Amino acid sequence: MIFLTLTGKTMEENRRLWAENQAFADGIELRADFLLREERAKVCVFPKEVGVPVILTCRKIEDGGCWADDEAVRTEFFRSQRESGFSFFDFEENFDFPETESLTHFGIRVIRSRHDFCGFPSDFSQFLHRVNAAGEIPKAAVTVSSAFELSRFFEESRAAAFPKIVLAMGEFGFASRILTEVSGSMLTFCSVGGVLSSLGQISPKEAVEVYRCRDLNRETAIFGVTGNPLSQSRSPQIHNEYLAQHGLNAVFLPFPAVDFNDFLALAKTLSVRAAAVTVPFKEAAASCADEASFDVKSCGASNSLIFHRGRIEAYNTDIGGFLKPLTEIIPSLKGKKCLVFGAGGAAAACVCALADRGADVTVLNRTVEKAQRLATRFGCAFGSLEDAAAIKNAEILVQASAAGMTGFEATDPAAAYVYSGNEIAYDIVYKPRETPFLKRAAAAGCRCLYGLEMLEAQARLQFDLFYSPECGLWDERDI
């Protein structure tokens with residue numbers, strides 16, 4: 001179930017938020033601690049108005065909320081709402097409500113909450129069992145700082161086979177908000193307006209329309225993308241749209257990880273069937289494979305992994321995806337003078353594609369040693385980014401580094417290059433669409449190719465790898 005968390009300062013604002021989002025939610029968490037003091041008396045009619053289960057929450061500042069009054073006022077506020085029709089009262093672990101046992105008379109169940117904003121507590125499992133033994137619903141919101149910790153979260157949550165609410169906060173915990181069937185959580189929380197987005201909450205519309213939360217079940221196949229960072233990745237939107245269109249019982253999720261081995265731990269726990277791989281894990285993905293395609297062996301990088309019968313199969317759809325928009329303009333690349341900026345896994349796929357089709361490639365990188373290693377594998381020239389100033393008559397420039405992405409938004413690796421205006425400038429970064437590299441190239445009159453074109457082309461190749469019946473990942477019940 002999806003519960004919409006309402007954080008309006010007034011009940012009028014909360015009613016508006018509910019009216020705008022009720023099609024995507026099954027219940028409500030009313031955060032009374034966000035309300036203005038004069039608005040608190042107005043909550044009593046709300047549960048009967050909306051006609052869905054409502055959790056009344058009133059969280060103190062030290063517990064991540066906004067309630068600044070003392071405990072006596074908070075106790076009296078909850079007491080005053082016993083006959084209002086709330087389905088649940090949410091109490092923190094250390095909140096002593098003197099009349100807890102009487103709440104069942106009013107049809108109210110107690111949720112006993114713990115919020116750990118600094119980490120994943122060692123007594124996570126013990127807390128769940130202790131609260132359950134007391135006849136209350138445990139709610140544990142923890143912060144995970146790696147894919148491995150998220151793996152522990154799922155394992156311990158799954159082992160607690162009783163009603164509970166569990167979620168992992170922060171960037172690494174996002175999957176927990178979607179995979180409630182895996183964790184055994186009664187519900188997930190969504191919000192609008194960005195107030196709680198830092199904790200990992202998304203809008204209920206995104207939960208329903210992108211991730212199809214209401215359709216997921218224990219048989220749902222799990223796919224995803226891994227890398228770091230993933231905040232800009234459009235792969236979940238692209239893949240989930242395909243899955244919905246084809247009626248497949250599957251979901252595609254972002255799985256950020258500290259490193260590639262960190263991701264593998266989570267993939268094993270969740271029985272991930274296949275994964276797209278982005279920077280900076282593409283080379284590690286290739287090296288871990290039990291089986292690798294010809295393209296992976298050629299370029300030493302993989303952007304597509306299949307986990308099948310205990311083995312890892314590595315593929316590379318970047319090469320085909322990179323070539324498609326380029327060869328639509330220039331069918332033959334033989335002899336074309338190309339500069340490739342970058343020397344990581346993504347650059348390796350580009351260099352491999354160009355060199356294999358007879359292009360004259362030079363690899364330029366901030367760290368010349370990395371450029372040399374990549375260029376040597378394909379018999380190419382190499383140099384530093386500054387060497388671009390001396391290169392004339394290039395026909396194709398490919399930006400294949402992290403320049404333009406989060407943390408490198410202002411970086412143009414081709415800043416030293418002097419454009420003639422006759423070049424094709426191709427940036428494989430797709431967010432933002434207009435990178436500093438492309439802006440300068442376009443201003444010089446160059447033909448520009450955008451990263452989204454490559455992303456969509458390589459994704460179509462991944463669809464065939466991951467989701468076609470011939471791939472061997474599906475049995476009859478999945479199709």
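For the structure given in this document, a descriptive report is provided here. Just so it is clear, the structure is predicted and the values come from calculations on it, not from any experiment.

**What about the nonpolar core?**
Here's step 1: The biggest cluster of nonpolar side chains holds 53 residues, and the ones touching the most others in it are F153, I178, L179, L253, F255 and L270.
Here's step 2: At 5 residues, the largest contribution of residues to this core is made by helix α10 (residues 260-270).
Here's step 3: For L179, the residues in contact, after removing those within four places along its chain, are F154, I222, V251, L253 and L270.
Here's step 4: Of all hydrophobic cores here, the second largest spans 36 residues; its members include I319, A343, V351 and C352.

**Some words on the pattern of salt bridges**
Here's step 1: Counted by the stated rule, this structure contains 31 salt bridges.
Here's step 2: Between R16 and E20 there is a salt bridge, and its shortest N-O distance comes to 3.2 Å. Taken together, the positions of R16 and E20, both in helix α1 (residues 11-21) and 4 residues apart, correspond to about one turn of that helix.
Here's step 3: Looking at R16, the relative accessible area reads 43%, which means it is partly exposed.
Here's step 4: Relative accessible area serves as the criterion here: at 48%, E20 is assigned to the partly exposed category.

**A look at the environment of G135**
Here's step 1: Position of G135 relative to the elements: it lies in the loop between α4 (124-133) and β6 (137-143).
Here's step 2: For the pair formed by G135 and V361, sequence separation is 226 residues and the distance between their alpha carbons is 68 Å.

**Here's the deal with the environment of Q81**
Here's step 1: In this structure, Q81 sits in the loop between α3 (71-80) and β4 (88-92).
Here's step 2: Its relative accessible area of 3% is what places Q81 among the buried residues.
Here's step 3: It is 68 Å that separates the C-alpha atoms of Q81 and A416, two residues lying 335 residues apart in sequence.
Here's step 4: In this structure, Q81 is in contact with R40, V43, C44, L56, F86 and F89, ignoring residues within four places of it in sequence.

Conventions we followed
Residues numbered from 1 in each chain as written. Predicted model: local features only at pLDDT ≥ 70, side-chain atom pairs only at ≥ 80, totals over all residues. Heavy atoms only, no water. Core = buried A, V, L, I, M, F, W, Y, C linked by side-chain atoms within 4.5 Å. Buried < 20%, exposed > 50% of the residue type's maximum accessible area, 1.4 Å probe, protein only. Helix = DSSP H or I, 4+ residues; strand = E, 2+ residues; numbered from the N terminus. Contact = heavy atoms within 4.5 Å. Salt bridge = Lys/Arg side-chain N within 4 Å of Asp/Glu carboxyl O.

Remember, this is a structural readout, not a statement about activity or role.
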